Amino acid sequence: MDCVRPSISPGPRGPRLAVTAALTGLLLALSTPTALPLPDPVTPERGSAFMGMGVLAHDGGEATADDALAARATQTKGVDVSSHQRDVDWPALWGGGTRWAYAKATEGTYYTNPYFAQQYAGSYDAGMIRGAYHFATPDSTGGTAQADYFVEHGGGWSKDGKTLPGALDIEWNPYGDACYGKSPSAMVGWIRDFLSRYKARTGRDAVIYTATTWWTQCTGNYSGFGASNPLWIARYATTPGPLPAGWTSYTMWQYTATGTTVGDHDRFNGTQTQLGDFATG
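The structure contained in this document is the topic of the report that follows. All figures in this text were calculated on a predicted structure; none of them were measured in a lab.

## Describing the packing of aromatic side chains
According to the stated counting rule, one finds 15 aromatic pairs in the structure shown. Look at Trp-100 and Trp-232: their rings are 5.8 Å apart centre to centre, the planes differ by 65°, and that puts the pair in the edge-to-face class. Here Trp-100, found in strand 2 (residues 100-107), pairs with Trp-232, found in strand 7 (residues 231-234); they are 132 residues apart in sequence, far enough to count as distant. Since its relative accessible area comes to 0%, Trp-100 is described here as buried. Residue class for Trp-232 comes out buried when judged on its relative accessible area of 0%. Aromatic pair Trp-215 and Phe-225: ring centres 6.1 Å apart, planes at 75°, arrangement edge-to-face. Taken together, the positions of Trp-215 in helix 8 (residues 212-219) and Phe-225 in the loop between helix 8 and strand 7 put the pair ten residues apart, joining distant regions of the chain. Given a relative accessible area of 0%, Trp-215 falls into the buried group.

Rendered as structure tokens:
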């Protein structure tokens, strides 16, 4: 008697293989960690910029307050402040030998420092010679418009021997491209517009606060302002280092961001009497 074997049909192989491949791919996908996108760098809020914000990041280095004080004992101590310091203890700074101060008044044409009144009047009441500074944002509006905004919101000057000329803080852009998207020639034009308008409004040449590295990169190391505008050099070190083209000496030097009470400390390149003469104009 013949043995009867059951007939087994292989069936269609194509669909079965396709299902197997799909399941394998799904298992591999589930077992492989998904690469997460890197978080975007945090961009500061407009209005939050302050003097020297980019100096450490781009120039590096940091002098201790003691180093610079010992090396510059014949110069006159100063500070610069913004809303980050809030209400400042001016009597304490005066007691420590600080004799002049700058307070941030404005930024662009969209921001005024809410602590400016306390900082500007408080330093004066403590006996200091004081002034105001403007943080430039050349990517937002023109130099003429920003000079007007500055003058109209605390950046003016008076010939009273207690008011320093306004300062233009022009440095690395904390909100984007280091040079605010401008070519060197366009940047020079923007700065010229600001300075011309400020002098027309106040009768004084504004101080230029900058760092040599930024100035070289973003203006092409332009030399045309040195004959008229005092230089406030930013460099956190025991010496101010090479100056931008056009200046053979500096008027002020921001040498540290870690000084007592307020962080940013500066030196006027002269005696207290000479500081008073500079304020008078």
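## Considerations on the nonpolar core
With 66 residues, the main nonpolar core has Trp-90, Trp-100, Tyr-102, Ile-170, Ile-191 and Trp-232 as its most contacted residues. Sort the elements by how many residues they give to this core and helix 7 (residues 184-202) lands first, with seven residues. With sequence-adjacent residues up to four places away left out, Tyr-102 is seen in contact with Val-79, Asp-80, Val-81, Gly-131, Ala-132, Tyr-133, Leu-164, Pro-165, Ala-167, Val-207, Trp-232 and Met-252.

## Some details on the state of the cysteines
Summed over all chains, the structure comprises one disulfide. Through a disulfide, Cys-179 is tied to Cys-218; the S-S separation comes to 1.9 Å. Because the sign of the S-S torsion sets the handedness, a value of about -75° for the bond joining Cys-179 and Cys-218 places this disulfide among the left-handed ones. Within this pair, whereas Cys-179 is found in the loop between strand 5 (167-169) and helix 7, its partner Cys-218 is found in helix 8, the two being separated by 39 residues in sequence. We classify Cys-218 as buried; its relative accessible area is 1%.

## Description of helix 6 (residues 143-152)
With seven of ten residues buried, helix 6 lies mostly within the body of the structure. Among all positions of helix 6, only Gly-143, Gln-146, Ala-147, Asp-148, Tyr-149, Phe-150 and Val-151 are buried. Tucked into the core, helix 6 has its buried residues touching strand 2, strand 3 (111-112), strand 4 (129-135), strand 5 and helix 7. Where helix 6 terminates, the next one or two residues include Gly-154, which has phi positive at roughly 105°.

## Focus on the environment of Phe-194
The residue Phe-194 is located in helix 7 in this model. Sequence separation between Phe-194 and Thr-144 is 50 residues; the distance between their C-alpha atoms is 4.9 Å. Sequence-distant contacts of Phe-194, that is, excluding residues within four places in its chain, are made with His-134, Gly-143, Thr-144, Gln-146, Ala-147, Phe-150 and Leu-168.

## Considerations on the packing of helix 7 against helix 8
Between helix 7 and helix 8, the least distance of the axes is 7 Å, while the angle of their chain directions is 115°. By the criterion of interaxial angle, the relationship of helix 7 to helix 8 is roughly perpendicular. For the pair helix 7 and helix 8, the contacting residues are Pro-184, Met-187, Val-188 and Ile-191 in the first and Trp-214, Trp-215, Gln-217, Cys-218 and Thr-219 in the second. Of the residues in the contact of helix 7 with helix 8, the class split is seven nonpolar, two polar and no charged.

## Overview of the pairing of strand 2
Every regular strand shows the same layout, with side chains that alternate between the two sheet faces. Strand 2 sits mainly inside the fold: eight of its eight residues count as buried. Of the strand pairs in this sheet, strand 1 (residues 76-81) and strand 2 are connected by four bridges, and their pairing is parallel. Bridging across to strand 2, Gly-78 finds its partner in Trp-100. Relative to strand 4, strand 2 runs parallel, the two being bridged by seven bridges.

Each value, and the rule that gives it
- Numbering of residues starts from 1 in each chain and follows the order in which that chain's sequence is written.
- Two thresholds apply to this predicted model, a pLDDT of at least 70 for residue-level local features and 80 or more for giving and counting side-chain atom pairs, whereas whole-chain, interface and lining totals are computed over all residues.
- Think of the side-chain values as coming from all heavy atoms in the structure, minus any hydrogens and water.
- Two aromatic rings, drawn from Phe, Tyr or Trp (for Trp, its six-membered ring), form a pair once their centres lie within 6.5 Å of each other, and the interplanar angle then sorts them: stacked below 30 degrees, edge-to-face above 60, tilted otherwise.
- Runs of E in the DSSP output that reach at least two residues are strands. Runs of H or I that reach at least four are helices, and both are numbered from the N terminus.
- Burial classes: relative accessible area under 20% of the type maximum marks a residue as buried, over 50% as exposed, and values in between as partly exposed (1.4 Å probe, protein chains only).
- In plain words, nonpolar cores are sets of buried Ala, Val, Leu, Ile, Met, Phe, Trp, Tyr and Cys residues tied together by side-chain atoms within 4.5 Å.
- It only takes one pair of heavy atoms within 4.5 Å for two residues to be counted as in contact.
- Here, the term disulfide refers to a pair of cysteine sulfur atoms separated by no more than 2.5 Å.
- Only C-alpha atoms enter the line fits that serve as axes; for helices the fit covers just the stretch in contact. Angles between N-to-C directions range over 0 to 180 degrees.
- Roughly parallel means an angle under 35 degrees; roughly antiparallel, over 145; roughly perpendicular, 65 to 115; everything else is oblique.
- In this classification, Asp, Glu, Lys and Arg are treated as charged, Ala, Val, Leu, Ile, Met, Phe, Trp, Tyr, Cys and Pro as nonpolar, and every other residue, Gly included, as polar.
- Pairing between two strands is assigned when DSSP locates at least 2 bridges connecting them.

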